[in-house]
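In case you want the letters, here they are:
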Amino acid sequence: MSRMWLTKKMGEGEDKWAPFSNEEEWGLAEWLVKSLGQTQTDEFLKLPIKVDKLPHGPAWSCKKVSVQGNQMDKNGQSLHEDVELWMRDPVECIKDLISNPVFKEHMDEAGSDKSTWPIYLSIGNIAKEKQCQTSARATVLIGYLPATKLDCFTLDVHSLAGYRLFHHCLSLLLEPLILAGEDVYPILATYVADFPEQCLVACCKENHCPKCLVAANERGDPLNSLMRDPDSRKEMLERQRSGQHPIEFDEYGLHAVYKLFWTNLPHTNIFMAFTPDLLHQLHKGVFKDHLVKWCLDIVGEDKIDACFKTIPDYPGLRHFKKGISSIKQWTGTEHKEMQCVFIALITGAVPSRVVIVARAILDFCYFAQLHTHTSESLDGLENALTIFHANKDVLKELAVREHFNIPKLHQLSHYVQSIKLFGAADGFNTELPERLHIDFAREAYRASNKRDYEEQMALWLQHQDTIFSQTSYLEWVAKRTAETEHECEYNSDSDAENNVVPVISQHIVHILHLPHNCIVPGYQDCFDVFRQVVIILPPNPHVSESPKCLWVRATPEVLPSSSGWKLGSPTRFDMAFISSDGVQASKVLLTLDATVRVPQVRVIFMLPRQFGMYSRPLAYIEWFMPFRDAGQTTGLHQVSCSTCHLRRNGAVIHVDEIIRPCHLIPNMGQSVNLTWTSANVYELASEFYYEYIH
């Protein structure tokens, strides 16, 4: 919803539902455009006639690109291929984003489809929390690059022809930025892409770094190599084209692409613009494809699978009931959930130096995905990488790795520099484009008739943008109306007061006692029993801008119904943090000392009325011993059950004393006890590790 939209809708004084007759007709139009393909919508009441009357954002256009091949046909003529570049003016898209009042509160004053390659754009003025919301449309599609097979070229030059076509099309798409950027607005600041696309943009081979000049056989070493320089690149390519053949051309792994799309973009250093890719470099790359594989090679798939199967259930954390070795497709969320328990699982199963290597990688993953950074967190990134390099040779000694010239591993050395330049890495994650790809490529293609689909996709997307803008406008009008009404109420002579009641009190009370009451509970007494305690924690700015909802459950086993229609459920008696010294929930993880204890919550209940007017809910718990100091190798705290005469030490506490849930992972050692399951391991195991789940 741009300023042009508001000018047309409000300046001309037309009805907010226009060009539709009323709210019902608009609702039907909205549903049709969102739910049906382009052909079905066209056939229904000629709906596009009205949709096209609505103001819309930057229009789509098509530019024909002819690619001359090096192969000949039977008549001796050069084969060629005509491709289509569908695009929108990026400057107009930027203006549309800046003028959208929906982003005003989030603006900083001053970043299986068919053969299509979508290019997205956003602006750094919009807060990253808003940018990362796919529903907010703060990241817009500005073009489809042709993804063609280029059969008119021979195999020996096929790859180079693809490089040249990519840069030619992107130069056409971004051409408006050149003139606009001469006035220092706008500037291409960051380029978010996975590693192969970074090499494509940098025009270097994939066995070289697209950011720096490190030698191909030294990427596994902790070196501070010189960064690539755009001016030097231009000069070197010019020397290569003129036939001088500089030795650096092959040494730096360059491709002979002489017209680069970023050459004339003002104030742009494309090599510095490449940002960290948490999804492909860290979660899927270094962690899943390398660290997990190394541990599988050392321990074996059966042992790792057995460990994952045995992990106790924890609310909000996936339980890998069948292990991990058989899973083929992973999501970013699943990678993060594996990381939460990985160190505790491999401790005792792999040599201690391998645990140190794993701890260093996971520490790096944790610091890298923080939403805000301090000098301490950046030091944490560098220290984690230093510890990894100091201990990685153990993998060579175990014959797990022969070398560490791993492209994704080398990219970690550039994270601190990128974060200092552009902010936290979570704002440039490739997970967002992958989610947008579903709407802007897959759904758009499915809405076409699968023939000449590019033009239909562009029209469908324009209609989607139009409907989205009209919806945003109506929501904006409703919000302004509500604010006006609220302002009128606020200025009235009302004496009403606002009473805020906390969701969960963090005050610590004494151990339960019932004064002046000698009644002993009997089997005939009925207690109100609750299934869980819900705890709302305030936002942690380093991890999330939103409050966090946590659960502590206390539910016995439910057997399946005799008919088989109703499934049963296992016992869930969660662990929780209890503090006797008033420690706040946000600080409890930093103060695992004698004042912080962990019990297992067995029952959450209320006392019957005959025990007096006692309205506070209670919990029966069974204690664990105080936490021991964190291990030097693992960094994990260890804890064991608290018993007396072979029975668990129990107590009754106020629910208010429960600070937050706690996930304990059994110490499985070198082999997993075959009698342990996810449902009974809390009862059978005696030693546990605590691993923080953020």
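Above this note sits the structure.
Quick caveat, the model's predicted, so the values are computed rather than measured. (Residues numbered from 1 in each chain as written. Predicted model: local features only at pLDDT ≥ 70, side-chain atom pairs only at ≥ 80, totals over all residues. Heavy atoms only, no water.)

Give me the sheet that holds strand β18 (residues 664-666): which residues, what numbers.
Here 3 strands make up an open sheet; going across it, the order is β13-β19-β18 and the pairing antiparallel. The open sheet terminates on both sides in strands that have one partner only, identified here as β13 (637-640) and β18. Neighbour to neighbour, the strand axes of the sheet diverge by 40° on average, direction disregarded. Across 4 bridges, the pairing between β13 and strand β19 (residues 687-690) is antiparallel. Bridging from a neighbouring strand, Val639 pairs with Phe688 of β19. (Pairing = 2+ DSSP bridges. Helix = DSSP H or I, 4+ residues; strand = E, 2+ residues; numbered from the N terminus. Axes fitted to C-alpha atoms, helices over the stretch in contact; angles between N-to-C directions.)

Requested: an account of helix α16 (residues 352-368), with residues and values cited.
It helps to recall that an α-helix has 3.6 residues per turn; residues three or four apart then point in one direction. Here α16 contains 17 residues, and its C-alpha end-to-end distance of 24 Å stays within 8% of the 24 Å for a straight helix at 1.5 Å per residue. Listing the buried residues of α16 in full gives Val354, Val355, Val357, Ala358, Arg359, Ala360, Ile361, Leu362, Phe364, Cys365 and Ala368. Here the buried face of α16 lies against α13 (278-299), α15 (332-346), α17 (375-391), α18 (393-397) and α20 (415-422). (Expected span 1.5 Å × (residues − 1). Buried < 20%, exposed > 50% of the residue type's maximum accessible area, 1.4 Å probe, protein only. Contact = heavy atoms within 4.5 Å.)

Would you mind going over the packing of aromatic side chains in detail, with residue names and values included?
A full pass over the atoms with the stated rule returns 18 aromatic pairs. Taken together, a centroid distance of 5.8 Å and an interplanar angle of 45° make the contact between Phe320 and Trp330 tilted. With Phe320 in the loop between α14 (301-310) and α15 and Trp330 in the loop between α14 and α15, this residue pair connects regions lying 10 residues apart in the sequence. A network of ring pairs unites the aromatic residues Trp117, Phe166, Tyr191, Phe261 and Phe274 as a single cluster. The ring of Phe624 has Arg648 lying over it, and the distance from NZ or CZ to the ring centre is 5.0 Å. (Phe/Tyr/Trp six-rings, centres within 6.5 Å; stacked < 30°, edge-to-face > 60°. Lys NZ or Arg CZ within 6 Å of the ring centre and 35° of its normal.)

Could you give an account of empty space enclosed by the protein, with specific residues and numbers?
Approximately 70 Å³ is the volume found for the second largest cavity. Lining the second largest cavity, in full, are Phe308, Ile311, Pro312, Asp313, Tyr314, Leu317, Arg318, His319, Phe320, Glu337 and Val341. Of the residues in the lining of the second largest cavity, the class split is 7 nonpolar, 1 polar and 3 charged. (1 Å grid on protein atoms, 1.4 Å probe; cavity = no way out; pocket = protein on both sides within 12 Å on 5 of 7 lines; lining within 4 Å. Points joined across faces, edges and corners; volume = space filled by probe spheres on them. Nonpolar A, V, L, I, M, F, W, Y, C, P; charged D, E, K, R; others polar.)

Hey, could you go over a nonpolar patch on the surface for me, with residue numbers and the actual values?
Judged by side-chain polarity, Phe527, Val529 and Val603 come together as a nonpolar surface patch covering roughly 220 Å² of accessible area. Residue Val603 is classed as partly exposed on the basis of its relative accessible area, which comes to 31%. (Patch = residues over 30% accessible without salt bridge, like charges linked within 9 Å, V, L, I, M, F, W, Y side chains within 5 Å. Areas by Shrake-Rupley, 256 points an atom, 1.4 Å probe, with all protein chains shown as cover. Salt bridge = Lys/Arg side-chain N within 4 Å of Asp/Glu carboxyl O.)

Provide a residue-level description of the pairing of strand β4 (residues 140-146), including the pertinent values.
Extensive coverage of β4 is indicated by the burial of 7 of its 7 residues. Here strand β2 (residues 78-87) pairs with β4 via 2 bridges, running antiparallel. Across the sheet, the residue bridging to Trp86 is Tyr144, located in β4.

Let's hear about the sheet that holds strand β6 (residues 532-537): which residues, and what values?
Strand order in the open sheet formed by 3 strands is β6-β7-β8, and the pairing between neighbours is antiparallel. Only two strands of the sheet have a single partner each, and these edge strands are β6 and β8 (572-573). Here strand β7 (residues 548-555) pairs with β8 via 2 bridges, running antiparallel. Its bridge partner lying in β8, Thr555 is registered against Arg572.

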